[in-house]
Amino acid sequence: MTKRLVQGNEAVFLGAIKAGAGYFAGYPISPSSEILAQASGYAAKHPEFKFLQEEDEIASANAILGASLAGAKSFTATSGPGFSLMQEAVGYGHKVGIPAVIVDVMRVGPGTGMPTMPGQGDILQARYGSTGDYTSFVFYPSTVAECFEYTIHAFNAAEETRSPVILLSDAFLGHLNEVVDLDTIDVPVVNRTLEPLASGGTRLFSGVATYPDGEPATADSDEFIRQYLENRENRLKISEKYAFYEYGWNKDSDTLVIAFGITRRVAQPLAPHFALFRPIRLWPVLGNELTEIAARYKKIVVIEGSDGQYASVIEHMLLRRVERVPLLGGRMSLEAVREGLDRIGLLPKESEPGSATAADASASASVA
Amino acid sequence: MAVKDKLKTDLFPTIWCPGCGIGLIMQQLATVMDEVGLDKTNTVIVTGIGCTGRMGAYMNFESVYTLHGRTLPVAEAIKTVRPELNVIVVAGDGDTASIGGNHLLHSIRRNPNVTVLCNNNEIYGLTGGQTGPTTPKGTTTLSSPAGSGFSPINLQGLVNTNQNAFYAKTTVYHQGPMRRAIKEAIEWPGFAFVDIASQCIENNGRRIGFGSAFEMLEDYKSSYKAAPRGATHLEPKQLGIIKNEEPVPVGAAKPAGPSTDGEKA
Ligand SMILES: Cc1ncc(C[n+]2csc(CCOP(=O)(O)OP(=O)(O)O)c2C)c(N)n1
Ligand code: SF4
Ligand SMILES: [Mg+2]
């Protein structure tokens, strides 16, 4: 039992080590760079852990796939612009079936955007960023302890699904320091599922459509569909084990707030007024859970750090109107949440119990 | 073991056009592998995208058919995780020097112990014959009907920016020198690059006036000459190997020290 101050990015790194990671490749970018620094420092003391600062994120993403094929649990960390550069490799990893973890500590985009400000604009990129159809697993913790915990789950899911799993974080959470005892977090670790390269076979790890024997299947639609559906069914089945979410706050309210990652923390002072649904697994969408819970509420409002990316997803899934409170330009503050709620007529009256305290508001503002 | 055990002959004929030079490279690679004892338990092949990239599918090895241009990050990572393996990259000129150019630059600098066989057909073969990074200036291609406007990339110069790296130039006509170059490259304890001139008859040769693959091979025969003994630099159309006599072995990526600097963009 050792309680100490741990930073969100550090917790991610420690979670990766706990999960058995043996290889990290990355390229510096705020607000993820502490993970790269942690990895380099760890490698200097533990020669069995391999580290490479790459020439770019394209190299990083492809390198972790190569390392995984060679036998190491592997990961990289980046932010929006770097994540965009990795997208071709994400699709390749899905096609070939390679376990790996990509950590995206979100800042405000597009472009170089606001490098040190927290954003949540990669929600769709994390799901649909690469070409073609594939079934992606995406987790998004909202505390430092959870950064540790869900990094381990991300590595586990990567092994089980044999795909690159995305762990989202953000500039706020990544740089947040909280007192935690990581030793008390116990997540069983899934062993490697992929036989490493040169085990005596003659497998071909191909991003090109191929038959199981390695022959090109680049014009066989039936074979393509067969493989795609098999993969999708398999991954959706596995996702049942990873149905992580939080449902709480004032469940008797007639309005359900949906918030995830850091926005859930920012919205905490609204607890007396609203029910809360916080998906931790953003993708595949928690369809059954959401449908059942949402049915109990008259109104649904999504508070998120993008202009409605996840709100649209939920609206589409539930086939009903969803209100939006977008926190844009890095304004992850209670004040911004209240302004947003006011705009849609959902701001609780000041006199009502549980209005935000000055302490809550300033805690948010000081990190944002 | 025999050379043919290195190949998945049951998948023959290959998809390569009749007369293509890629098969000649595969044949000599298989021969060298047999000679130096490379097999599926100690060797991994990493290929790029392009006609050349198909080679891995035809060899009795575990093989990673990477994305276009990404052989080197993958190969280097494999070598880092499994230093005991021989890692052999086979890729086209476009894959290696254009879309993968940044990786090439930095792999040369880091000097991992991987072997690169670059099938230099001076064209984007698979996509129909567009100008590539090694296409000679003035060449008519699908994407340069009036002749390509730029000088080709200097692969030798690039590789030799690291004095510990190995560079060899050969052609598919010169089977003996090609075999020697591949063998020495595999044995070289660092980054080794074999630049192999090879004919793409269908999507390059015919457009520039060759009637057959044979004519292209004849052209290699007459135009390429061995470099003088002791050459430290190869002139155009010279065959040879440029390497340091006393190679300083540099392994795969080494851990760097912890970083303490913050970053603000
Ligand atoms: C990201 C990406 N861009 C473009 C392509 C299309 N493409 C496939 S092969 C190729 C060029 C191949 O040329 P080279 O590497 O010289 O190989 P060759 O076919 O000549 O052996 C291109 C542009 C692709 N597959 N992926
Ligand atoms: S297009 Fe050119 S490089 Fe490709 S297989 Fe045919 S001859 Fe060979
Ligand atoms: Mg080519």
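This section reports on the structure supplied with the text. Numbering of residues starts from 1 in every chain and runs along the sequence as written. Here every chain gets a letter starting at A, and every ligand a number starting at 1, in the order they are written. Where totals are concerned, whole chains, interfaces and linings use all residues; where local detail is concerned, this predicted model gives features only for residues with pLDDT of at least 70, and gives and counts side-chain atom pairs only at 80 or more. As a rule here, side-chain values cover all heavy atoms of the structure and leave hydrogens and water aside.

With that settled, the discussion passes to the site of ligand 1. Contacts to ligand 1 come from 17 residues, most closely from B:Cys51, B:Thr52, B:Asp95, B:Gly125 and B:Leu126. The rule for a residue being near a molecule or strand is that one of its heavy atoms must lie within 4 Å of it. Chain contributions to the surroundings of ligand 1 come from chains A and B. Within the side chain of B:Asp93, a nitrogen or oxygen atom sits 3.1 Å from an oxygen atom of ligand 1. Residue-level accessible areas treat just the shown protein chains as cover; the underlying method is Shrake-Rupley with a 1.4 Å probe. Look at ligand 1: alone it shows 590 Å² of surface, and the protein chains cover 77% of it. Ranked by the residues each element gives to the shell around ligand 1, the list is headed by helix 3 (residues 93–99) of chain B, at 4 residues. Considered class by class, the residues forming the shell around ligand 1 number 6 nonpolar, 8 polar and 3 charged. Under the rule applied, a polar contact is a pair of N or O atoms within 3.5 Å (in protein, one hydrogen donor and one hydrogen acceptor; residues adjacent in sequence only if both atoms are side-chain atoms). Here a helix means four or more residues in a row that DSSP labels H or I, a strand means two or more in a row labelled E, and each is numbered from the N terminus. Residue type decides the class: Asp, Glu, Lys and Arg count as charged, Ala, Val, Leu, Ile, Met, Phe, Trp, Tyr, Cys and Pro as nonpolar, and the leftover types, Gly among them, as polar.

Turning next to the sheet that holds strand 5 (residues 166–171) of chain B. DSSP-based pairing: two strands are paired if at least 2 bridges between them are found. What the 9 strands build is an open sheet, ordered 10(A)-2(B)-1(B)-3(B)-4(B)-6(B)-5(B)-8(B)-7(B); its pairing is mixed. Across the chains shown, the open sheet's two edge strands, defined by having one partner strand only, are strand 10 (204–206) of chain A together with strand 7 (225–226) of chain B. Note: strand 7 of chain B against strand 8 (residues 238–242) of chain B, 2 bridges, orientation parallel. Within the sheet, the bridge partner assigned to B:Ala226 lies in strand 8 of chain B and is B:Leu239. The contact criterion used is simple: two residues touch if any of their non-hydrogen atoms lie within 4.5 Å. Axis definition: a line fit to C-alpha positions, over the contact stretch in the case of helices; interaxial angles, taken between N-to-C directions, run 0 to 180 degrees. Relative to the sheet, helix 6 (residues 175–187) of chain B contacts strand 3 (86–92), strand 4 (115–120), strand 5, strand 6 (192–197) and strand 8 of chain B, its axis offset from that of strand 5 of chain B by approximately 160°.

Let's shift gears to unusual backbone geometry. Put simply, A:Trp283 and A:Pro284 share a cis peptide bond, and its omega is -15°. In this structure, the amide linkage connecting B:Phe12 to the following residue, B:Pro13, adopts the cis form with an omega of 0°. In this structure, A:Trp249 takes a positive phi of about 55° despite not being glycine. The residue A:Trp249 is located in strand 11 (residues 245–249) in this model. One non-glycine residue with positive phi stands out, namely B:Asn111, at about 60°. Along the chain, B:Asn111 falls in the loop between helix 4 (101–110) and strand 4. Categorising residues by exposure relies on relative accessible area from a 1.4 Å probe, with only protein chains included: less than 20% of the type maximum marks a residue as buried, more than 50% marks it as exposed, and the intermediate range marks it as partly exposed. Since its relative accessible area comes to 1%, B:Asn111 is described here as buried.

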